[in-house]
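Next come the chains, spelled out residue by residue.
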Amino acid sequence: MFNVDANGAKIPAIGFGTFRMPGADVLRMVPAVLKLGYRHIDTAQAYRNEAEVGEAIAGSGVARGDVFLTTKVWVDSYRHKDFIRSVEESLKKLKTDHADLLLLHWPQSDVPLAERIGALNEVRDAGKVRHIGVSNFNTALMAEAVALSKAPIVTNQVEYHPYLGQTAVLDAARKAGMSITAYYAMADGKVIGDTAIKAIAAAHGKSEAQVVLRWLVQQEGVVALSKTVNEERAKSNFEIFDFELSPEEMRALHALARPDGRIVNPRNLAPDWD
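All of the points below concern the structure found in this document. The structure displayed is predicted, hence computed values, not measured ones.

Let's shift gears to the pairing of strand β2 (residues 9-12). Pairing geometry for strand β1 (residues 3-6) and β2, over four bridges, is antiparallel. If you follow Ala6 over to β2, its bridge partner there is Ala9. Following β1, the chain reverses through two residues before pairing antiparallel with β2; Asn7 in that reversal takes a positive phi of roughly 50°.

Counting residues in each nonpolar core, the largest one holds 89 residues, and the members touching the most others are Ile41, Phe83, Leu104 and Leu216. In terms of residue count, the dominant contributor to this core is helix α8 (residues 208-217) (six residues). Residues in contact with Leu104, not counting those within four places in the same chain, are Val73, Tyr78, Phe83, Leu113, Arg116, Ile117, Leu120, Gly133, Val134, Ser135 and Phe137.

Glancing now at the side chain of Ser90. Tracing the backbone through its elements, the reader meets Ser90 in helix α3 (residues 80-94). With a relative accessible area of 3%, Ser90 lands in the buried category. A polar contact of 2.9 Å, which involves the side chain of Ser90, links it to the side chain of Glu50. Ignoring sequence-local partners within four residues, the contact set of Ser90 consists of Gln45 and Glu50.

On to the packing of aromatic side chains, then. Tallied over the entire structure, the rule returns eight aromatic pairs. Between the aromatic rings of Phe2 and Phe241, the centroid separation amounts to 5.3 Å while the plane-to-plane angle is 80°, which identifies the pairing as edge-to-face. You can see Phe2 sitting in the segment before β1 and its partner Phe241 sitting in the loop between α9 (231-238) and α10 (247-254), a full 239 residues away along the chain. Between Phe238 and Phe241 the ring centres are 6.0 Å apart and the planes differ by 70°, which places this aromatic pair in the edge-to-face class. Site record: aromatic cluster; members linked through ring pairs are Phe2, Phe16, Tyr38, Phe238 and Phe241. The ring of Tyr163 has Arg258 lying over it, and the distance from NZ or CZ to the ring centre is 4.7 Å. When the ring centre of Trp273 is taken as origin, the NZ or CZ atom of Arg262, which lies over that ring, is 3.8 Å away.

What counts and how
Residues numbered from 1 in each chain as written. Predicted model: local features only at pLDDT ≥ 70, side-chain atom pairs only at ≥ 80, totals over all residues. Heavy atoms only, no water. Pairing = 2+ DSSP bridges. Helix = DSSP H or I, 4+ residues; strand = E, 2+ residues; numbered from the N terminus. Core = buried A, V, L, I, M, F, W, Y, C linked by side-chain atoms within 4.5 Å. Buried < 20%, exposed > 50% of the residue type's maximum accessible area, 1.4 Å probe, protein only. Contact = heavy atoms within 4.5 Å. Polar contact = N/O pair within 3.5 Å; in protein donor to acceptor, adjacent residues only side chain to side chain. Phe/Tyr/Trp six-rings, centres within 6.5 Å; stacked < 30°, edge-to-face > 60°. Lys NZ or Arg CZ within 6 Å of the ring centre and 35° of its normal.

What follows is the structure, encoded as structure tokens:
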């Protein structure tokens, strides 16, 4: 396990995601993954499981200070007053006095970006969050967010897997000192059984999922989110730091990208993608 350094933040390179995870599974899985060695947990207001995430961390036996906790403000709370209130509610549910990272969940909104970035800075200045970032931003919006923010923007959380090239976003993030946090790493399960990925996995005695997660974290400035409700798979997904992909294998995985590779694209929330 190693950290990704991004504008002063040290983000554990692999995180455990809780998107679409019912509360009962969160209460079971979060303590289990923390026991396995995960130290990065990702949730969001829109996931409706912050309370269970907070309860699970509090009862896990792992000190809160040892867990990097990310949550996200949903688009219906972007107005300044609603934003501040929603962060207070999130912290109460998460049973903590601060989040390690707070993100704007999606960019599309009638609320000016300056107002949203200002609110992010305000809660950071108040000590309610350690670091701030964005999610699902294109390169133009990333640049605008960086220009508007007094505090450094540390990540842009985006869909990223072998079928979706993110070169433009990665290049922009690196130039700004930011990281990219990759979600949907398994491309909704499509990587499992892929012939090219399977061949690389066989060469290393690993699974397709392990190869894809390794491919992500082996790239400069990339954090990977892993999500499963199966404890054995969670263990397997964490066992990616004992092997390394060759430059040729890295290129072969990049070569799987295709124009129709994007899976997550809600028209009322998404930007014009790069």
